[in-house]
Structures are given as C-alpha cells and as structure tokens.
Amino acid sequence: MGLLKFILERKILVGLITVLVLIIGLFAIYRLDQELLPPVKMDGAYVDVIAGDLAATEVESSITEPVEKAVAGLDGIKNIHSTSAIGRSTMEITWEEGLGEKIYPELESLIHSVLSNDPNVQEIMTGQYSTSSAYEFYYDLSGSDMSDVTAFAEDILEPRLEELPEVGDVALQGALEEEIMIRFDYEKIQNSGIDPIQAISTIREENTETTLGEFTDESTTQLLRWNAASQSVKDIEQTRISSNNGLVQLKDIADVTIEPQDTASYVWKNGSNDFIFIQIGRSPEATQVEMANAVRSEIEKMREEKLLDGYDLNEVVAQADYVEEALNGVTSNVLIGGILSIIILLMFWRNLRATIIIGVSIPTSILLTFISMWLLDYSFNILSLIALGLGIGMMVDSSIVILESIIRKKEQGLSHKKAVIQGTKEVSTAVIASVLTTIAVFVPVSLLSGDMGSFMIILAIVVAITLISSVIVAFTIIPALADKLLVNSLKKQKEKDNMLVTVYRQSVSWIVRKKRNSLILITTFTIIFISSLLLITKIPMTIMPDVYNRYAEVMIELEPGLTKNDKEKIINAVDQSLNSIEDVENNYVLDEGGVIYSIINMTKGENVTRSQAEVNEEIIRSLNKLKDTLPVTSVESATSVSGVSTIELLVKGEKFEEIQSVSSLLMKELENLNGVVEVSSSMERTSKQEKITVNDSNLLDAGLTAAQVKQITEQAFLNMPFGELAIESATFPLTASWKEPLTTKDELLDLPVTTINGSQPLSDFITITEEEAPNQISHTDGTRYAMITATTGGRDLGSINREVQQIISNVETPDGYNIELAGDLDEQQKLMQDMLFILGIAIFLVYLVMAVQFNHLFHPLIVMSVIPMTLVGVILGLLLTQQELSIMSGMGIIMLIGIVLNNAILLIDRTKQLRKTGMSVPDALVEAGRNRMRPIFMTAFTTVGGMLPLAVIGGAGSDYQAPMATAIISGLLFATLITLFLIPAVYRLFSKKERNSQKDNTTEIIEDSKSVI
C-alpha cells in the first residue's frame, strides 16, 4: 500500500491531475468524431455486371461462370454467391478475415481482365462492403418548372454547398437532363441507300476534336487540330452524308431535336418525380454533425438572400440527427442515472460528504474514458454509446465498495488515515478481481465471427476502458477525498443490526447450520433454474433491433427487363401502399435499375400513435402484397426492421427439374406454418423470350450471310448513344434511333431486305419462336440453387426457426441435393451459436482470473454458482416486459455475469479474511454476509439506477438500449437477492468437519494455505 500512502501524502498532486483530466476530457469531447457507425471495412465485396438484354442462361455461361472460376483461384476466398438474370450478373464474394487490403485490389483487377473482351458487357461495378456511406444528408428540391429547378440546382445550390469546407461532394438525382435525339425515317434512309451506322459514323467524326498532324520549323512545333464541331441543332441537321445519289443532308433522312433524357435512374416523392433529390457527403475532416450544421447554415443564408424564393427545399434525412439524438439520449440518461445513483447512496449512507465524493468520481471516470477514446481514434457512434451505457451502469461500483469499507472502518473507531488505508486494503483484492472478471467476460466478445465481430471489438474495448477508468479513480481520488472530507464527519458507532440484517443473519445461520439445509436451498434454486429454461421459447427473438428512430429503408427487388412504364406502376403502388399506413409521414423511392429503394419517414413527437416496430411490420407486410399483382420478386428491410424477418432456404443441386421438385414440396410445408407468409421460389419466376432461327438455304439463294441478317435485325431496334456535343456551354449526349420504332414481331418480319433477287421480307430468312427461360439462375460456390423466400410476422423468429428446422429434416431430397438455411434464420442461428461459444469462453476466463486472484481452484466455482440464477432473472425480465432476446440483450447478459460475480467475490473474499482470524465456516459466512450486505445492495441499486433510464425512457436509441438494460436490471435484482443466500449455501455444502487440539471447527476441503489475499 505504498502507493496509497503516497496518494494520501500528495493530495494536491491528485487534485491537480484530476483538474487536468477534466480539462483534457472536455477537449476530447470536442475532438471526438460523431457518426452513426464506426468506419469498418468488411470482409466482402459485390460485383455487378450489366450485359444489355442477354438471356439469363447466356449470362450464366458467358459471364458468371468464368468470373466464378477465376475468383475461386484467389487465395483466401471463402464464399461466392451469384445470381444470373436477364442482362445482369451480380455476385457477393467473401474472404478470410483481415485480407481485404490484399484481396480486393486483386479481385477488382481480375474481374475486369476476365470480362474485358466480352462484347456483351456494358458496365462492371465492384466495391468493398463497409459502414461508410458516400452521402449522409439528403434534401429534395421542387418548383413550378423543372427546367428552372434544374438550372438553380446545378448553377447555384450545388456550387454553394460544395464550397463549404465540411462538404466533400454533392450529387443531384432526378435533375432534368436533355439529349440530342436523331430519329431516322426508315423509308427515307432506305431510298437514299444510306446505312444508319454510316450516318452515325459521319456525325461522330465531324463533331470529334482531334489532332490531325503538326507543322515544324527550326524553332517551334505547331499542332494541327480538327475543331469543326456543330454549334447548334441546325448545324447538325445540315451535316452532309455520302450516298449512292451524292451528298444528302441529315435533315432529309432524320429529325433532330433536343429532348428530355430517358435516364435509368429516377427518384420519386410520394409518387411524384417532379423534384430533384440532393445527396450531400462530408469531407474527411468533418463530422456528420459539423457537416449538417454547415449545410443548414448555408441554406438559411440562401433563404435570407431570397435565392430560394419560388422553390421548395425540404430535408429528407440527416444521419447527423440520429447521432445527435443518440448522444443527447445517452447524456440525459447518464445525468438521470447519476442523480438516481446519488440519491440511492444518500439513502444508504445518510452522509452528504460521502455522497459528494462519489458524485465527483462519476464525471471524472467518464472524462477519463473520453480521453482514452480520443487517443485510440474512436468516435461517438452507436456502438461506443452502447458500450458507454453498459460501462456507466457499473462505473461507480468500485468507488462505492472502497468508500463503504473506509466508512465502516471509520465507524469502528479507527483514525481517519488508518481507516482510509485499512478500508482500501481490505477490499482492494476483491475490487481488482471484480473488474478483471468483468473485463474477462468481454474479451471473448471480439471472437464473434464475420462483420459483427469487427463491431464487437470496439464495444468490448470501450467497456474495458470505462471499467479501468473507474478503478483508477476508485484507488486515487476516492481515498484522497475520503481522507480530506471524512475527517470529522463520522464518529465511532456501536454496530447495531437493523431488522433486515437481523432477518438475513438468522436465515443464513439456519442455511449454514447443517449441510442438509444448504442442500435443500441449492436443490430449490436448481429446480427454479431448470423450470425457467422452459420459458425461453416464450421470449420474442430477433437478430438486431432497430437503431434508427422513426425512420426506415426498404429494398424492393424487381423482375428483370421492366420498362419505364412498368416501374412507374410499381412505384405508384408502393406510394399508395405506404400512404395507407398510419404513422408514415412521407416516402421517397430511388430507382437503381433492378432494385428500388424506399426511404420512409415516420411521424415524431406528439404525432406518434404506434410503436416503430408495429409500423415497420406493416410496411413490410403491405409491400409484400405487391408481389401478387406486380413484377416484384422480394421486399427486404435495409435497416434491420423489427417484427418482420425474411426466411431464406437454399435448395442446392445440379438439375433444374430436381431443384424445382424439392422446392415445390418445401414451399407447401412452409405455407402451412403459422406466422409465415408470402412464400415464393426464385425458380418460379420465368419470362417469355423470342428465339431466332436462320433459314440457311434461303440465305444462300439470296446471296446473304447470317452476319448480314443479324446486323439488319439489330439495326431494326436502333437506340444507340454515340457521343456528346457542346452547344452554348451545355453538353448534350447524342443518341440515334428510329422515328417509328418497331413494337411487334410482325413489323420485324415484314422489314424489306435488299438481296440479289430484289427486295424480300425478313421473314424469308428467319423464324421466331417463343420459349420460357428462367429470369435468374443462382450459384453458391459454383453450385446451382433455388432460393425459397418467405416473410414472418406475428411470431418471433426463434419459434419459427425451430419449426423450419423440423421441416428441413423431414423433407427427403435426392442424392447430391440438399437444403440449407440462409437469410435471417441462418444468421440468427450462427449468432446464437457464437454467443453460446463466447459465453463458455467468458466463463472459463472468469474462472481463470479468480483462480489466480484467490490462489484457489475451488473458490471460483463457488462464486460462479450464481450464474445460472442470474439467467433466471433475465428470462423473467424479458418475458414480463416482452423485450426481444437479441444481440443487444445478449450483450447485457454477458455484462451482467461480470456484475453479479462482483457481489459473490465480495462475499467470498470477506469470508476468507474472517476464516484467517480463526472463525468457523458458518460463523464466517454469516459475518461476511452481514459485513458485505450494504455494499452489495448499494452497488446493485446504483447500477440499476444507472440503467433504469435506458430501460424505461423512450426516444432515440430506446429500441436497442431497452432490451440490454432490461436484461441487466432484472438479472441483477434477482441475482443480488439470491447471491446472499446461495453463495453461503454452496460454500457450506462443500466443507467438512475437522478436529484439532483446541476445538471443533468447520474447515474447507481445500485449505487456504498460501492465498494471495
């Protein structure tokens, strides 16, 4: 205790260091980044290949399979999941943990290399999954004239926002974009003898700037540039094109106009697309909150300058708001929890000075935690806030135990200096052991597999930092303040038990008097524990609760090959469906090709009539009904919607027919399950396509080749972008098509073809037949599979999971074919297995730490006997409140194990101390319970007080904090009461009588010969 004596002799130094911690801590709060999620790059990537209108079977053979074979050869690749659809191949690739920096660049290069010579490939998009988002703040801008709105957005709003140092990028979606359309008249171009490709080539050549050569003399070199590009639509119309009859102006064979561009990406608000969707991303140096504040300030300036008059600019969503709400929520919860804790301490101690000492330790510990987070380059985000919520609940436990021991020594009549030293020394081992066991509980959390493990490492480290900070404060500031403030505030008191202590002492005396009494109590508790396990099936389960407040995103996957009109019908149906849901305020729909995203804002504040979970469930259920009448393949939440989850089963094999047979049987079984709706198979979705067969004999007679006929057929569907043209400082894409495009099969077959025999219809050379083809073909690691999907509602995911598992085991499959879980059920199963494994590792590490601390192999087992009873309290708490068993409540359970073991450690540690003075086991157990009853209750109630706001106060973060807090509160209250009786019973049961020369004493099986305590 040399360090403790030094602290007491240098209280001024401790005070100055505390002030320094306060100053640096406040600075750290200012410097800590604020973001929704920590920037984590995940061990996976996506690949999206666009291939025009290529059939799904051709996409599979020419694009998907070559890429799969090439990627599978890379070292470290774990899984490859692919889907081949009409004109599109998508892949999800995962690799071994931590290999992203090495594998992803190789992967990207390899894919481009494999597909570089494929003429069908139009675009290749790749990216590594991460939590970082390019855009984090969204607006919508509308007005009476979209041309005027577009000009304002591009010329004024976008430049003003991009000039802000906090803004990194601004993207406009839905802006009115125009293109120059050249529509050829089929009859006129045929009469002139001009090939459309020839005309397009001439226009491109004349409007392309290029270097033709150079002039040189003795001293200089001058480049000769071609710069005769058209300056107007009229110039384009006057372009001369060579024909069999001489030069023909373009206007004689085509119409040239500037028209709104038919883009592939749209955005709708409440069913209308007459607005611009503005996406804003921050610069690397700015936080989300700083960026949002800067943008809002700039927008306000523009309003004051009257620049926004005539326009309607509205915020859609700002991630910074969720961060601020979460931060404010944690701040208020900390304040409320701290006040409750101080009130509880005041009620126990009835000493204002002692309560003030603890009150000083709380902000000091928190600020010390913030300093450590700043030094580790962590940020304020959902994970670190959860960790702070966990740590703050037991931040004052160490300080309470030490201060309570000092007060007790002071009440026994010791001088203030001796009371501080002996009081701290008496509990120092127990405090250190308690904190180490709690930290040991969280070490295995980082072993969670997959991307969840990357997040849990951050959470575990912040919890550990919080606990270590509290111990540092407990062993420095608490003794120094106690020595200073408790000098004359406490007088020697004769220890007198109150009624509660008297009843407890009599109860424990009966329990430890005889071993059979202890056995009766242990058996009773065992029966209670086993019975409680039967209630687990009644607790709702999910993977991860909602982290957003009154906001949701939904991903709607569409069937391939849809037209613009088809998508507009779907989007209008989505809007009508969402508008009919109570508490949905507005919705935005983003069209991203084969997928549309719906951003949904819900009512807030006084306008809230339903919980977010209820609204989320109705959103998914309502949108899933669209699959019955519209070409919608799946509806999934993009923000972990509570209450509705997706069942995904993979039927793997080689032949489509066998896969389809097993899938049909499986679907019938799922449709009979209660709580399972919208069952569908990926192999159900097929589309009709036309197949051309060439008549070789007719081609030979007409002097044509198959390649010529193919070219004629392709030109019949001409719609070809071929460059850009700048006119009056604006750049317009150039697109060529027909004035009257073909729409039917008969129009194609009636096309005249010039041959050596004269003009003949195209139908003389080709035959068109209709056939069914799959819309998509899925692979996992090169093996074909069909995906059976369904949604759940009205029942928890855990109970449905058990019934689905039974169905899988009952369905018979041919050799070489099997059924596997995927989706939410598979993820839940894996996470629960991981959590059980982590729980086992945590328990072993706790045992290891205590065995080393106690220098005893048996005492840790006595301490750990309280763990099963802790789970009883958790089960009852979650069952009564109907909070979900999820990753968050699982984290609460792991944290709870550390907390309740602390109480048991205090009891065992005190029992060992009393045994060394010569007390018998029964007497030592009774006295230890009597001595440690007050600090155990104080730490338990202050922890409950700290966690209570998280459990009962709504607002931002309540959906994911409440289950965690409920698990801790219910488990801790139950375990605290049980600990005071169960630990003495277990200790007494595993002891034996021994006689010595003086008297009969009850002695342990394993003597504490050389304890480290």
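As the structure is a prediction and not an experimental result, all values here were calculated from the model. (Residues numbered from 1 in each chain as written. Predicted model: local features only at pLDDT ≥ 70, side-chain atom pairs only at ≥ 80, totals over all residues. Heavy atoms only, no water.)

## Topic: the overall build of the protein chain
Point 1. Helix and strand content of the protein chain: 30 helices and 34 strands.
Point 2. Evaluated residue by residue, the protein chain yields a buried proportion of 52% over its 1013 residues.
Point 3. At a minimum sequence separation of 6, the contacts of the protein chain that also span at least 24 residues come to 79%. (Helix = DSSP H or I, 4+ residues; strand = E, 2+ residues; numbered from the N terminus. Buried < 20%, exposed > 50% of the residue type's maximum accessible area, 1.4 Å probe, protein only. Contact = heavy atoms within 4.5 Å.)

## Observations regarding the pairing of strand 26 (residues 730-738)
For a regular strand, side chains alternate in direction, first toward one face of the sheet and then toward the other.
Point 1. The element strand 26 is largely enclosed, with a buried count of 7 among its 9 residues.
Point 2. Across 8 bridges, the pairing between strand 25 (residues 719-727) and strand 26 is antiparallel. Paired with Met720 across the two strands is Ala736, which belongs to strand 26.
Point 3. Taking the residues that link successive antiparallel strands as the turn, the strand 25-strand 26 hairpin has 2 residues, and the phi of Glu728 there is positive, at about 55°. (Pairing = 2+ DSSP bridges.)

## Regarding the sheet that holds strand 25
Point 1. Pairing in this open sheet of 4 strands is mixed, and the strands run 13-8-26-25 from one edge to the other. Looking at which strands have only one partner, the edges of the open sheet turn out to be strand 13 (254-260) and strand 25. Going from strand to strand, the sheet's axes swing by 25° on average, the running direction of each strand aside.
Point 2. Strand contacts of helix 7 (residues 196-206): strand 8 (178-184), strand 25 and strand 26, with the helix running at about 20° to strand 25, the strand carrying the most contacts. (Axes fitted to C-alpha atoms, helices over the stretch in contact; angles between N-to-C directions.)

## Details of the environment of Gln173
Point 1. Along the polypeptide, Gln173 turns up in strand 7 (residues 167-173).
Point 2. The buried category is assigned to Gln173, whose relative accessible area is 9%.
Point 3. Separated by 102 residues in the primary sequence, Gln173 and Phe275 have C-alpha atoms spaced 8.9 Å apart.
Point 4. A polar atom in the side chain of Gln173 sits 3.5 Å from the side chain of Gln279. (Polar contact = N/O pair within 3.5 Å; in protein donor to acceptor, adjacent residues only side chain to side chain.)

## Notes on the nonpolar core
Point 1. In terms of nonpolar packing, the biggest core is built from 180 residues, with Ile280, Val295, Leu403 and Phe442 touching the most fellow members.
Point 2. Among the elements that make up this core, the one with the highest residue count is helix 28 (residues 887-916) (17 residues).
Point 3. In terms of domain composition, this core takes at least three residues from each of domain 1 (1-31 + 351-432 + 448-492) and domain 4 (495-534 + 828-993). (Core = buried A, V, L, I, M, F, W, Y, C linked by side-chain atoms within 4.5 Å. Domains from an automatic or database assignment.)

## What about helix 4 (residues 100-115)?
Point 1. Spanning 16 residues, helix 4 covers 22 Å between terminal C-alpha atoms, matching the ideal 22 Å at 1.5 Å per step.
Point 2. Taken as a whole, helix 4 has its buried residues at Gly100, Ile103, Tyr104, Leu107, Ile111 and Leu115. The buried residues of helix 4 occupy an angular sector of 95° when projected down its axis, which confines them to one face. (Expected span 1.5 Å × (residues − 1). Arc of directions from axis to C-beta.)

## A short note on empty space enclosed by the protein
Rolling a probe over the atoms, with the probe sized like a water molecule, indicates the empty space that remains.
Point 1. Evaluation of the coordinates by the stated rule reveals 8 cavities of 30 Å³ or more.
Point 2. Put simply, the largest cavity is a space of about 160 Å³.
Point 3. Together, 17 residues line the largest cavity, and Asp397, Ser398, Val401, Ser434 and Asn902 are the ones closest to its centre.
Point 4. Elements with a minimum of two residues in the lining of the largest cavity: helix 13 (397-411), helix 14 (416-442), helix 15 (450-485), helix 28 and helix 29 (921-952).
Point 5. Class assignment of the residues belonging to the lining of the largest cavity gives a composition of 9 nonpolar, 7 polar and 1 charged. (1 Å grid on protein atoms, 1.4 Å probe; cavity = no way out; pocket = protein on both sides within 12 Å on 5 of 7 lines; lining within 4 Å. Points joined across faces, edges and corners; volume = space filled by probe spheres on them. Nonpolar A, V, L, I, M, F, W, Y, C, P; charged D, E, K, R; others polar.)

## Some remarks on unusual backbone geometry
Point 1. The backbone of Arg350 shows a phi angle near 55°, a positive value even though the residue is not glycine.
Point 2. Positionally, Arg350 belongs in the loop between helix 10 (319-349) and helix 11 (352-375).
Point 3. The exposure class of Arg350 is exposed, given its relative accessible area of 75%.
Point 4. Backbone geometry at Gln882 places phi at a positive 60°, although glycine is not the residue there.
Point 5. Looking at where Gln882 falls in the secondary structure, it is placed in the loop between helix 27 (867-881) and helix 28.
Point 6. A relative accessible area of 45% places Gln882 in the partly exposed class.

## So, the sheet that holds strand 16 (residues 311-318)
Backbone hydrogen bonds hold the strands of a sheet together, and the pairing may be parallel or antiparallel.
Point 1. Strands sit in the order 7-15-6-16 across an open sheet of 4 strands; the sheet is antiparallel. Edge positions in the sheet fall to strand 7 and strand 16, since each of these pairs with one other strand and no more. On average, each strand axis in the sheet is inclined to that of its neighbour by 20°, with strand direction left out of account.
Point 2. As paired elements, strand 6 (residues 137-143) and strand 15 (residues 276-282) share 5 bridges and run antiparallel to each other. Residue pairing for strand 15: Phe137 is matched across the bridge by Ile280.
Point 3. Across the sheet, helix 5 (residues 146-162) lies against strand 6, strand 7, strand 15 and strand 16, angled at about 170° from strand 7, the strand it touches most.
Point 4. Helix 9 (residues 288-304) rests against strand 6, strand 7, strand 15 and strand 16 of the sheet, and its axis sits at about 20° to strand 6.

## Regarding the packing of helix 1 (residues 2-9) against helix 2 (residues 11-31)
Point 1. Where helix 1 contacts helix 2, the two axes come as close as 5 Å, and the packing angle between them is 85°. Here helix 1 is positioned roughly perpendicular relative to helix 2, judged by the angle of their axes. Across the interface between the two elements, Phe6, Ile7, Leu8 and Glu9 of helix 1 pack against Lys11, Leu13 and Val14 of helix 2.
Point 2. Of the residues assigned to the contact of helix 1 with helix 2, the class counts are 5 nonpolar, no polar and 2 charged. (Parallel < 35°, antiparallel > 145°, perpendicular 65-115°, else oblique.)

## Structural notes on the side chain of Arg930
Point 1. Relative to the helices and strands, Arg930 resides in helix 29.
Point 2. Judged by its relative accessible area of 18%, Arg930 falls in the buried class.
Point 3. At 3.0 Å, the side chain of Arg930 forms a polar contact with the side chain of Glu927.

## Let's talk about the pairing of strand 15
Point 1. Judged by how many residues are buried, strand 15 sits mostly within the fold: 6 of 7 residues are covered.
Point 2. Relative to strand 15, strand 7 runs antiparallel, the two being bridged by 6 bridges. By the bridge assignment, Asp169 is partnered in strand 15 with Gly281.

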